[in-house]
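A structural walkthrough
Below, each chain spelled out in residue letters.
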Amino acid sequence: MSKISRYIAKKGRHAELVWRYGFNFLPSFNYSLDFSKGDSKFVNSIVERLNRDGVAVTSIEECSNEILHFSDLEKAVDEILEDKKNEIRQMKEKSEKSEAIGEKTFNVELLGSPLVFDPQSIFSSFALQDTLLGIANAYFGMIVKLRYYNVWYTFATQSKARESQLWHFDREDNYILKMFLYLNDVDEGAGPFTYAPRTHRKGSLKKSQPEFFVEEGVQRSTDEQMAAVVPEDKWIKGVGKKGTIIFADTRGFHKGGEARTGDRLMYTCMFTSPASESKQLLNFPDDLRLDRLSAKQIAALKLNNNRS
């Protein structure tokens, strides 16, 4: 492909119709033919808020019959915390001393990265349950791909805000749906996920761009710069008790993890279109047993046609 062709292809993928029907035709077409969707009132409510604001906050208590296996997830995370307590303590000590850009020492992925997909793990099955897939597919209007899941442990530090603690938006796709599930209480001092509503590509403020500076090749904005575009009293701050759930299209402006007085612990997963430019974050073993997965789960992993 020539440089001109690559340039046109890259620019074209940001146009809604080209992205959907050029790069993601089959996932969009197959979704339109899925007459068995039957989305619940809960799914429709979340998708409606995502379409309007780019973010929707709920909780396990509000949707206990919709999002399942929370207690199993808690138990599995508690076991990891116990097994890795010495390692976590050492990483926390390092985070208090390091301000290096690119290392993101204030945030640790407890499952490691990149991950090897395990269909029997609660961490994969939680992301692949019907309700989450229903929300993601309905928001995208296509059969999405699960790109990532992990457990984040964010340490409270006093260092200057940097990296994802500053305002930014993700660039891997036209829509990028992430779910954050708090596994401890998160108040203002524990670095809550914070979102500037309607700045996503579906939103009325999608063309509102704050001033920014470049940090290691990435555009970042301060609170003051963001407030000049979206006033602070309009920001949606994801503070809440354990079990709080945040769905967000991170193509909109957001920040998180600026913990000062308390640590933050949460499970997260990410969905994109199959044609996303996201780097590979999940690896699949050659001996993966597909018979342990449902047709919907296989579709979300794209295991029927590739291993990427």
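Up top you'll find the structure we're talking about.
When the terminal C-alpha atoms of helix α4 (residues 41–53) are compared, their 18 Å separation across 13 residues agrees well with the 18 Å that a helix rising 1.5 Å per residue should span. When we look at burial in α4, the residues that qualify are F42, V43, I46, V47, L50 and D53. The arc that holds the buried residues of α4, viewed along the axis, is 155°, so those residues lie on one side. Relative to its buried face, α4 has exposed residues pointing more than 90 degrees away, namely K41 and E48. Buried residues belonging to α4 abut β1 (55–59), α8 (130–140), β5 (177–182), β6 (194–195) and β10 (244–249). In the stretch just after α4, G54 is the one whose phi turns positive, near 85°.

The next thing to look at is the nonpolar core. If you look at the biggest cluster of nonpolar residues, it comprises 60 residues, and the most contacted ones within it are F123, F247 and Y267. Sorting elements by how many residues they give to this core places α8 first, with 7 residues. Within the second largest apolar cluster, 15 residues are counted, among which are W152, A190, I246 and A248.

It is worth spelling out the packing of α4 against α8 at this point. The geometry of α4 relative to α8 is characterised by a closest axis approach of 9 Å and an angle of 40° between their N-to-C directions. With respect to their mutual orientation, α4 and α8 come out oblique. You can see that α4 and α8 cross each other, and the crossing is right-handed. Contacts from F42, V43, I46, V47, L50 and N51 in α4 reach T131, G134, I135, A138 and Y139 in α8. Looking at the contact of α4 with α8 residue by residue, the class counts come to 8 nonpolar, 3 polar and no charged.

Spatially, 3 strands are ordered β9-β6-β11 in an open sheet, and the strand pairing comes out antiparallel. Across the chains shown, the open sheet's two edge strands, defined by having one partner strand only, are β9 (236–237) and β11 (254–255). Where β6 and β11 come together, 2 bridges link them in antiparallel fashion. Directly across from Y195, in β11, lies its bridge partner H254.

Here the focus is the packing of aromatic side chains. Taken as a whole, this structure holds 13 aromatic pairs when the rule is applied. Seen in terms of ring centroids, F169 and F253 are 5.1 Å apart; in terms of plane orientation they differ by 75°. Their pairing is edge-to-face. Residue F169 is found in the loop between β4 (145–154) and β5, and its partner F253 is found in the loop between β10 and β11; the two are separated by 84 residues along the sequence. Grouped by ring-pair contacts, the aromatic residues W19, Y139, F140 and Y175 constitute a single cluster. Positioned above the aromatic ring of F23 is the side chain of R13, whose terminal nitrogen or guanidinium carbon lies 4.3 Å from the ring centre. One Lys or Arg, K202, reaches over the ring of Y139 and ends 3.9 Å from the middle of that ring.

Buried residues dominate β10, accounting for 6 of its 6 residues. On β10, burial covers both faces: T244, I246 and A248 on one face and I245, F247 and D249 on the other are all buried. Where β1 and β10 come together, 5 bridges link them in antiparallel fashion. When the bridges of β10 are listed, A56 appears paired with F247. Pairing geometry for β5 and β10, over 5 bridges, is antiparallel. Bridge assignment links L181 to a residue of β10, and that residue is I245.

So, how was this worked out
Residues numbered from 1 in each chain as written. Predicted model: local features only at pLDDT ≥ 70, side-chain atom pairs only at ≥ 80, totals over all residues. Heavy atoms only, no water. Helix = DSSP H or I, 4+ residues; strand = E, 2+ residues; numbered from the N terminus. Expected span 1.5 Å × (residues − 1). Buried < 20%, exposed > 50% of the residue type's maximum accessible area, 1.4 Å probe, protein only. Arc of directions from axis to C-beta. Contact = heavy atoms within 4.5 Å. Core = buried A, V, L, I, M, F, W, Y, C linked by side-chain atoms within 4.5 Å. Axes fitted to C-alpha atoms, helices over the stretch in contact; angles between N-to-C directions. Parallel < 35°, antiparallel > 145°, perpendicular 65-115°, else oblique. Left-handed = near helix turned anticlockwise from the far one by under 90°. Nonpolar A, V, L, I, M, F, W, Y, C, P; charged D, E, K, R; others polar. Pairing = 2+ DSSP bridges. Phe/Tyr/Trp six-rings, centres within 6.5 Å; stacked < 30°, edge-to-face > 60°. Lys NZ or Arg CZ within 6 Å of the ring centre and 35° of its normal.

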